[in-house]
Amino acid sequence: MLIICILLFQHDPVVEEFEESAAETKVKFDLVNEPGEAQHSENNDESRGAETIAFAKPSLSNKKVKPELTLVLIGETNSIEIGSKNILIDHDEQRNVELFSTKLYDLCGRHISVINMLGLPNIDKFPLNEQIHAFVMLLPNGLHNSHYSSGLQWLETTFGKALMAYVMTVVTHESDDKCESALTDLKANSSFVEKRYHTCKRSMMDEVEIIALLEKIDAMVCENAPHCHSGLMCDGNKVQKEQLEHKEERLESSLFQQSQTVEDIEENATAIKVKCDPVKRPADVEQNDDNTTVGGESEIMPVQSAATEKVHYSMAGTFNMDMSGNMDKKSVEFSEEINRKKQYQRETEALLDRLQLQDKHQQKLSQADLLKVGPPVKQDHDTSEKDVAHTFIQRLMMLDYRARYIPVRQDSPEVSHSNPVEEFDTNGTGDNDLDALYSTNVDFHQLNLKTHLHPMDVQMAVFHCSDSFFKQNMITKLSQCQYALPLLVPDPVTMDIGCPLWTFRQIRKTWKITEMKDNSNIVTMKSMPICKAETPMVSFLRLGSPSLSKSELMNTLINDRHKTFFHRNCPGSAKSRHLMDGVAEIAWYCPAGKPNDAFTDCIAFCNLHGDALSLVKQRDILTDKSSVNVVLVPTLEQGDKNSAVISALHKSPKPLIILIADSDGGAVQMKKGKYKMGLNDKSQSDISEELKKIIGKILPVPHETFQLESMAEVSGVKVDEDDKVCQKGKCAAKEIVDLLQGMDVSKIKDTYLPCQGQLWHEWCKINKELYHLKGNIENEKCKKQQKLMQIRQDQCKVSCSEPMKLFIDSLSSLSSATEKDYFLKWTQILIDALSTDDLGSILQIYDKKWAEVLDLKNKHDKSDLLKRKQTELDEISTQLQSATFGLEHIFREMGQIYEAHASLQKQPERGQTDWSKYPELAAELMISGHPMELMDGDAGHVPLTWISGLLDEVIKRLGDRRVFVLSVLGVQSSGKSTMLNAMFGLQFAVSAGRCTKGAFMQLVEVSEEIKEDFEFDYVLVVDTEGLRALELEGKATLHHDNELATFLVGLGNMTLINIFGENPAEMQDVLQIVVQAFMRMKKIKLSPSCVFVHQNVTDIGAAEKNMDGKRRLQEKLDKMTQLAAKEEVCDAECFSDVIAFDVQKDVKYFAQLWEGSPPMAPPNPGYSESVQELKTTILSKAKQSAGITLSQFKSKIQDLWNALMNEQFVFSFKNTLEIAVYRKLEVQYGNWTWTLRSNMLTIENGLYTKIQNGKLHKVELNHLHQESNKTYDEIKQAMTTYFDDDRDKDILAQWRGRFESKIKEFHSEQVTEVKRKLDEVIQQKKACKKLDDKKTEFENKLLQKSKELAHQLKDKAEDEKELEQQFNSVWSDLVRELTADTKPIEDINYEEDQSTVLYELGFEWSLIHESKMTGKYKKIAEVGDYAHYVSLIKHHDLSDTNQQSQDENRENTKGQGSNSLSTMWGSFTRLFTSRSTQQMKQHTNIRDVCNKSDLSHEEQQEIKSLIDDVEKQSLDAIKSKPVATRGYRLTYLQEVANNVKQTVSEFESTRKYALKKEFIVDILLYAFHSAGRWLTESHMTFKGNNDAHSYVESKKMHYYNIFRSFCKGSSSAVVLGQLICDKLKSSTVEAVCNKTAIDLAKEMKCNFPAFNGNRSNLEKHLLKSLAEKEDFNGFITYIHHPRKQAETYIREEVEKYIFTEQGKKKALNMLKKNVDDINTLVSQALYEATEKVKTHTGDPDMWMKEFSSLLKDKLTFNTISCQNFSDLNSFDFLKEEIEKGLVSIIEELSSLSLDNMKKFRMKPDEILIDQLCNCCWVKCPFCAAVCTNTINDHKEDHSVSFHRSAAVMGWYIRNTVDLCIEFCTTSIASDGSFYPAHDSKVVIPYKKYRTAGPNFANWAITPDGSKLEYWKWFVRRFEKELEDHYGLKFQNYGEIPSEWKTHSKEQAIKSLDEMFKL
């Protein structure tokens, strides 16, 4: 008896909800109950004895309603208070059970399931296969950081990285706590997403907080794809695998349950979509069954558990079963369908598992997976099953159509291609054998546990596991391989039919239509995106299983040489396939316009795979959309299962062709448009021909056409473009393009992208003119720069049109990368659609007009008609250029807007987008794989500011990664981009099917598989428009090609030279350009590698032909090298002299791209093999390269482009990177040399002390080397480490040998110099030996006399006055006695000696006296005008001599002859062929000036140079004299005077003027003055060491004190202690001061900004100092005597440092430390000497000897004779006395003034001068700027960071008094010329300045636009002073540009920092 209980509940909201849902949806019920439910059912049966179906009101806590949201709580239990008032969760006992939250239902009316997994979750109990929408990670405030890290780590380990997208972070806190710092702390984690962060109170009772949390969770769910996580753990988790297997077993063994509870019904009734909206009430819930992921792909879900599998249930809500409980037929069928689906899903999963794609059903394959440099594709015969999918992708991307036919190696014995042969041993009679033979019981299909993979299953598996962009790329490649493309694809999970319309968007087809007009065939070309093409479609269906292959038959119609559709007879085909049934593929036949075309117009052929009888939906769609239906049947019989379909098609008005496989009949037309044809006993070709005829007959009749885009309107078909993200991108793009609709395409760019049009082109033109200046260069330059700024202002005014604003806003606002990618793709698609038609019509007109021009040229027609036609052709070219519009133009506009605003530093106005963010947007795209324009192809210019900003942002995001730059060069349309795309999977920007224009760069990451083999992280590919590209104006310029080639070759670590075809003439043009580019690289010390790629070679297999081709290529390269060598002035005979090149390895031959004739030809498989071989070669060469960093790449772009702007590329190239590396090396070199110098100073100090103590009498070089070798070895090791390990080691390698030898030389020089100094000390010691001996005698006598006198006067000891009188009376007698036989050394009277020498030479006393009194001789070197010193011999023509010249550098530079007076004549005069009107007007002024000064500027400079030479020679001569050891002699001055007089005479002999006596007197006094200080100091040293009178007199006070001590009865110990302390005092002061001097120099060298760098750094600080003081005289000294000013600056800075608070403190600390060290040393010596004497019972002599020996290395201490202290008996008392005296000495030392250091041997300023000024001081031959190389005699070209205005040195314009203000760095970029010498007759173009002579040749002067503001400020600031100093004017050509007057001192100083950044 069946009892049915129905319980009704009034006004129950849950029941009402259920009823509404049940009425609106198909309710499903469980196939298998959960175990708990089954048990419940059994209990009911037992208790009641009858089968009962009960309906009861469920409680919300346990009902089976499907949750709208499922949340899992994870984290520590103390992060939340669980209780009855907690809204989120009030249960904690069942951790792995999903429970509905009643509080949440009450709050928002939604069924939200909350699973409590707080605490350390037990993964054994984790609810598997739950559809979890969010993991809520609860973190207690204060512990949030550590808990966050550990929680994420646990989640990733347990569930994998994919789960991270489902995590919501919630920081909980007490009511009174605040969490402001939590967000800041968590942001430090890279995985943290701020919008997925929330804070809540621990109690979870605040409704507002919980609603806000749910809103954030809803937003997260909406963004995620898929919306929920399956709960599956990582594959490595065995527990989960076991649980899944257990569930599958339950599923298979379960029986259909006969009862269903209300809970089941309610669950199905509420089985609605996961909402992405903010929190809603139940009434707001919308139903949706969408389960697609991003991009419209269906998620391939794992097999569902029984608890989630539902079957449909009737709309009325009653069960479809009879009263006995049996299911009706429909239910059984439905159940079978469900089982079939489950089985299909299991097979799908198994297939993905075999292909190693199991992890890609959620984490789809993306473009990022593809855009990586991986290992070369293996060309093995077969591939492992697990690698098949990966290999398929790789080969397909290389356009290898054999990707479908990859032989698979069966790794498992279970898998085989064919059934294995099974043996049956019956062991019986023959009858038994026969029984077995005929038996059908053998289960053949079971012999194969697995079948081998079907190739199309591999293709479709990859398709299903890819995101939309990967699919699009994949389908595009399949199309290029001429394969059929999937049009209708069943979803492998839901079985819904989808159309991947998006994947077709990139495909473009070109064909030629043949039409008959006027009895002639007219061929018209058509090219368009295939999505837009309206073509007839022929659909092929099969009903049943005919013996003939439908796909094979279709191939014969489209291309009988290529397997467009895969069929059963293709290699690798298998009987079973999984993913292809139900797939409809489409392919297009595109005629070539030839007589043998199968069809005259483009036709789409569609092929439905599988039996169309069962594929009803697909069949209906295709038959509806097609123009012709072709049906293949085994037989045609009325009433069979196919007849219904056939009848319907026959009745349809559409043409029908029925192909009957088993019929013999021919083709018969049954009625109009209806055909049938038998296929039996017919060949494929016969069938094909018949079909072509029939179709050809049908299609000319008006028919329906098919357009891919129409599939979006088909009901029941899910189109991928309907995906929300795709639509979002499309809407954003459409909004932009809608603004452009209706406008002439050629006007779009001018209207909406104005910054890159005329304004940008004009800017480029003016910018290039800056390198070809004429006339008044600086003024001209300023005018052009103002024009450039005006253009930038104009660009700012017109920037940010409405489309650009929309584009930037969309790019900024779209949150995900996927949205941006869709937006960009749609923008390009829609833009191309705008221009396609216009471009096509313009190209047709262009072709027609070009044909007319050629016809006229062939007829040698030179009439006006030809000119008119050519003009029309140029106009069409311009129109074509304007109509070219693509995405790259929008990015170009972004770049120009950025450049304009950046140059003006203009802030965005209201309504404008923030231009400063543009590089960030572009960098993000570049990193994700989008190509970016490097060179503007239309303007032929590199936007340096934009590119720098872009690369800076890339560096910010990636870090300064190393990249290997691969550039590609070749003739236009030679297949460069195709080759790159095939090799690396790139997609270079090509608008509307055109060739690449300009240069584009794209980043490709090196995959993890091979990264460890390379030193770089990315390959940066640069593709170009190609050489010999016809400019659209019809020009072909060799200059442009050379520029492009040089730029690309210079950028690349490797350059691919792509040669197309075998035309020798074309090859020669390209080779000449390429060879010249490589030769330029050699000259600027760049050494890229190269590979030649010879494409489109007819027979690459013939080895002999290849060898011959390589030989001919080598010959051509050598020939081109010889030609280029003449042009580039380079010594090279063959190509291998220019670059390392092996013709056997570095030349690759490529087969033709197409296998046949386009448009239907597939790519040649040999082409992909060639691509693969080339890739292998590139990678092998790349392994040997470290690449360059992105920052270095940025610098290289700037350097190359700036040099290319100048015609003299090699001379103009400034390798910023190399300069920076060299400057760093200079700093290191300075540190290394300082370490050696500092060590040698310490060694010198110690040895000096030993010599002074008489302990060392000879210094050996070997000993010095031994002493210094330890430090030297450390330096050598440091150098080795630096050169080996520095990131720029490849660049450093060129200088390694030189710097190693320089360090070796420096060390040897230091050792030699120290030996020389110490030898002088020893010589001096020897010279003073006589005095030293006398000193001992003096001291003994003085001591004895003092002792005797004291003994006599001991009774008067208290009368101080009496003692002093007695001592003085005895002292004078004693001194006379001691010095009776010695003559005192007199002081020199230097002033009188100078006058005497001059008088002896014949000069009047009055003349000498006047010069001395005025002191004017001291300034002779800085005089601006020397006219008053000159008397003319004869008048000479000023036009011949009034030229400019320059003094040769006469600084103290090593390696230059100091005795030579040969002066370098430099005339750096502007070349004017005639005098301008303005000059003529100034003629009177010129005459006045000439009368005032009869000397030309060149003659003035000659005299100045003479003075410098005389000073240097005189000083050198004086310093060579032994003054310090032998004393001063008057003859030294006489010798100098005679030499100077002779030098002046020689000078006068070659001049047209004579020098007056006043000049000779002044120059002699000047020379004497320069040497005076040194002479005086040296003589005082001599006197101090050798004058007995001075020595004795200096001891008077000392012995008076001893005398007093004796008088007062002091013991010998006290007196001896005084003597010792007196000696210690002077020696300790000297030792402390010397050591402090070294320490202070070391401190300043290492830490003082001006001294701790290289020579350039010193120059910068020196110039800053001059500017701050605004001291004109200091500037003049620096300009004419830079080294002298540098030395002065160092002395001033040392002085300043010592007396500033911080410096003084450091110096005093050093002093104190050294005093403490000395104190320790002396105290230790006292102790050891005393102890030794006491131990050995020694005498005073022994004590003295021991004490002095202990001090010998540190202090100069001459032994005291102890003969007067023989009565000394207490050495402890002596020690105490000395210690007392030592305390006072230390106190005195501690308060020692730092000025005392000046009195001693070591001086910090002199040490620093020796270190910092021993560098190059050669001056620029133009502006006299000093070379800033740290190495003195360096071999590199002289260079300086910036040059000066010529006015600084007083240069002026010929025949005028106008100062020349030009900068040589501007001049060498101009078209001007100069005279290299004042008497030169030949002028030299500035651009070829190196040819002007040796002094010019070794200077590297690069154009810099004279950007430095410093010298402009100087000229403006000291305008009047410079005019007065040189007697010239800043007027006419020398007028100071107004722009210079705007620079302030602060700007000038700041500009120094900017220029010296290197």
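Residues numbered from 1 in each chain as written. Predicted model: local features only at pLDDT ≥ 70, side-chain atom pairs only at ≥ 80, totals over all residues. Heavy atoms only, no water.

## A closer look at the overall build of the protein chain
Helix and strand content of the protein chain: 67 helices and 39 strands. Scored against the burial criterion, the 1958 residues of the protein chain give a buried share of 54%. Per element, the accessible surface of the protein chain, about 86300 Å² overall, is 49% carbon and sulfur. (Helix = DSSP H or I, 4+ residues; strand = E, 2+ residues; numbered from the N terminus. Buried < 20%, exposed > 50% of the residue type's maximum accessible area, 1.4 Å probe, protein only. Areas by Shrake-Rupley, 256 points an atom, 1.4 Å probe, with all protein chains shown as cover.)

## Let's talk about helix α61 (residues 1771-1790)
The end-to-end C-alpha separation of α61 is 28 Å, in line with the 28 Å expected for 20 residues at 1.5 Å each. Among the residues of α61, those classed as buried are F1771, L1774, K1775, E1777, I1778, G1781, L1782, I1785, I1786 and L1789. (Expected span 1.5 Å × (residues − 1).)

## Some details on the sheet that holds strand β17 (residues 497-499)
A sheet is described by the order of its strands in space; here 10 strands give the open sequence β25-β26-β24-β23-β20-β22-β21-β16-β17-β27, paired in mixed fashion. The open sheet has two edge strands, β25 (668-671) and β27 (717-719), and neither has a second partner. The average undirected angle you get between the axes of adjacent strands in this sheet is 25 degrees. Sheet strands in contact with helix α17 (residues 616-625) are β16 (485-490), β17, β20 (537-542), β21 (584-589), β22 (603-611), β23 (628-633) and β27, and its direction is about 150 degrees off that of β20. (Pairing = 2+ DSSP bridges. Axes fitted to C-alpha atoms, helices over the stretch in contact; angles between N-to-C directions. Contact = heavy atoms within 4.5 Å.)

## Some words on the pairing of strand β26 (residues 674-678)
A large share of β26 lies buried, amounting to 4 of its 5 residues. Where strand β24 (residues 656-660) meets β26, 5 bridges bridge the pair, whose relative direction is parallel. From the neighbouring strand, L659 faces β26, where its bridge partner is M677. In this sheet, β26 lies alongside β25 in antiparallel orientation, the contact comprising 3 bridges. Bridge pairing in β26 links Q669 to Y675. Joining the antiparallel neighbours β25 and β26 is a turn of 2 residues, in which G673 adopts a positive phi near 80 degrees.

## Concerning the pattern of salt bridges
Side chains carrying opposite charge are able to pair once their charged atoms draw close together. Taken as a whole and assessed by the stated rule, the structure comprises 84 salt bridges. We note a salt bridge from E924 to K820, for which the minimum N-O separation is 2.9 Å. One end of the pair, E924, is in helix α28 (residues 918-927); the other, K820, is in helix α25 (residues 817-858), with 104 residues separating them in the sequence. A salt bridge links E1779 to K1775, with the shortest nitrogen-to-oxygen separation between them at 3.1 Å. (Salt bridge = Lys/Arg side-chain N within 4 Å of Asp/Glu carboxyl O.)

## Digging into the environment of K1145
Tracing the chain through its elements places K1145 in the loop between α35 (1135-1138) and β34 (1147-1149). For K1145, a relative accessible area of 56% corresponds to the exposed category. Between the alpha carbons of K1145 and F1092 there is a distance of 9.6 Å; along the sequence they are 53 residues apart.

## Considerations on the pairing of strand β7 (residues 134-140)
Along β7, 7 of the 7 residues are buried, which leaves the element largely enclosed by surrounding structure. Burial along β7 is two-sided: A134, V136, L138 and P140 facing one way and F135, M137 and L139 facing the other are all buried. Bridge analysis of strand β4 (residues 69-75) against β7 gives 5 bridges, and the strand direction is parallel. By the bridge assignment for β7, I74 is matched with M137.

## Re the packing of helix α55 (residues 1612-1647) against helix α62 (residues 1804-1812)
Interhelical geometry of α55 versus α62 gives an angle of 50 degrees and a closest axis separation of 8 Å. Overall, the two elements α55 and α62 adopt an arrangement that is oblique. Viewed along their axes, α55 and α62 form a crossing whose handedness is right-handed. For the pair α55 and α62, contact is made by A1637, I1638, L1640, A1641, M1644 and K1645 and by P1804, I1807, L1808, Q1811 and L1812, respectively. (Parallel < 35°, antiparallel > 145°, perpendicular 65-115°, else oblique. Left-handed = near helix turned anticlockwise from the far one by under 90°.)

## Description of the confidence of the model for the protein chain
In this model, the protein chain carries an average pLDDT of 78, and 80% of its residues clear a pLDDT of 70 or more. Across the protein chain, the secondary-structure element scoring lowest on mean pLDDT is helix α48 (residues 1483-1492), at 29, and the one scoring highest is β21, at 96. Note that pLDDT drops below 50 for residues 1-63; the model gives that stretch 110 contacts with residues more than four away or on any other chain. Long-range and interchain partners of residues 416-422, a stretch whose pLDDT sits below 50, account for 12 contacts in this model, where long-range means more than four residues apart. (pLDDT = per-residue confidence, 0-100.)

## Some words on the packing of aromatic side chains
In the structure shown here, the tally under the stated rule is 54 aromatic pairs. Seen from their ring centres, F540 and F605 are 6.5 Å apart, and the 40 degrees between their planes marks the pair as tilted. With F540 in strand β20 and F605 in strand β22, this pair connects stretches of sequence that are 65 residues apart. For F605, a relative accessible area of 0% corresponds to the buried category. (Phe/Tyr/Trp six-rings, centres within 6.5 Å; stacked < 30°, edge-to-face > 60°.)

## Thoughts on the nonpolar core
Grouped together as the largest cluster of nonpolar side chains are 129 residues, with contacts concentrated most on F807, M1001, F1047, F1092 and I1197. Discounting residues that sit within four places of it in the chain, F807 has contacts with I736, F823, L824, T827, L887, I890, F891 and M894. Ranked by size, the runner-up nonpolar core spans 124 residues in total, among them L1619, L1624, V1722 and L1751. (Core = buried A, V, L, I, M, F, W, Y, C linked by side-chain atoms within 4.5 Å.)

## Some points on the environment of E1386
Here E1386 lies in the loop between α43 (1360-1378) and α44 (1390-1400). E1386 sits in the exposed class, given a relative accessible area of 62%. On a C-alpha basis, the gap between E1386 and Y1528 in space is 9.9 Å, while along the polypeptide they are 142 residues apart.

## Digging into unusual backbone geometry
At the junction of P1158 and P1159, the peptide bond is cis and its omega measures out at 10 degrees in the coordinates. As for its position among the elements, P1159 is in the loop between β34 and α36 (1165-1182). Located in the positive-phi region is M204, a residue other than glycine, with phi close to 55 degrees. By the secondary structure assignment, M204 is in the loop between β9 (197-201) and α6 (207-223). Assessed through its relative accessible area of 1%, M204 is described here as buried.

## Thoughts on the packing of helix α11 (residues 388-397) against helix α15 (residues 468-480)
Where α11 contacts α15, the two axes come as close as 9 Å, and the packing angle between them is 60 degrees. The angle between α11 and α15 places the two elements in the oblique class. Viewed along their axes, α11 and α15 form a crossing whose handedness is left-handed. Where α11 approaches α15, its residues F392, I393, L396 and M397 are matched on the opposing element by F470, N473, M474, K477 and L478. Looking at the contact of α11 with α15, its residues break down into 7 nonpolar, 1 polar and 1 charged. (Nonpolar A, V, L, I, M, F, W, Y, C, P; charged D, E, K, R; others polar.)

## Notes on the side chain of T556
Within the fold, T556 resides in helix α16 (residues 550-558). For T556, a relative accessible area of 15% gives the class buried. Ignoring sequence-local partners within four residues, the contact set of T556 consists of Q684, S688 and K692.

## Quick word on helix α40 (residues 1261-1285)
End to end, α40 covers 34 Å across 25 residues, agreeing with the expected 36 Å (1.5 Å per residue, within 8%). The sharpest bend along α40 measures roughly 50 degrees and falls at N1269. Listed as buried for α40 are L1264, S1268, T1271, Y1272, I1275, M1279, Y1282 and F1283. (Bend = angle between axes of the 7 residues up to and from the residue.)

## Regarding the environment of G1738
Secondary-structure assignment places G1738 in the loop between α59 (1701-1736) and α60 (1740-1751). In this structure G1738 comes out as buried when scored by relative accessible area, which is 19%. Linking G1738 and F1771, residues 33 residues apart in sequence, is a C-alpha distance of 9.7 Å. Apart from residues lying up to four places away in sequence, G1738 is in contact with V1733 and F1771.

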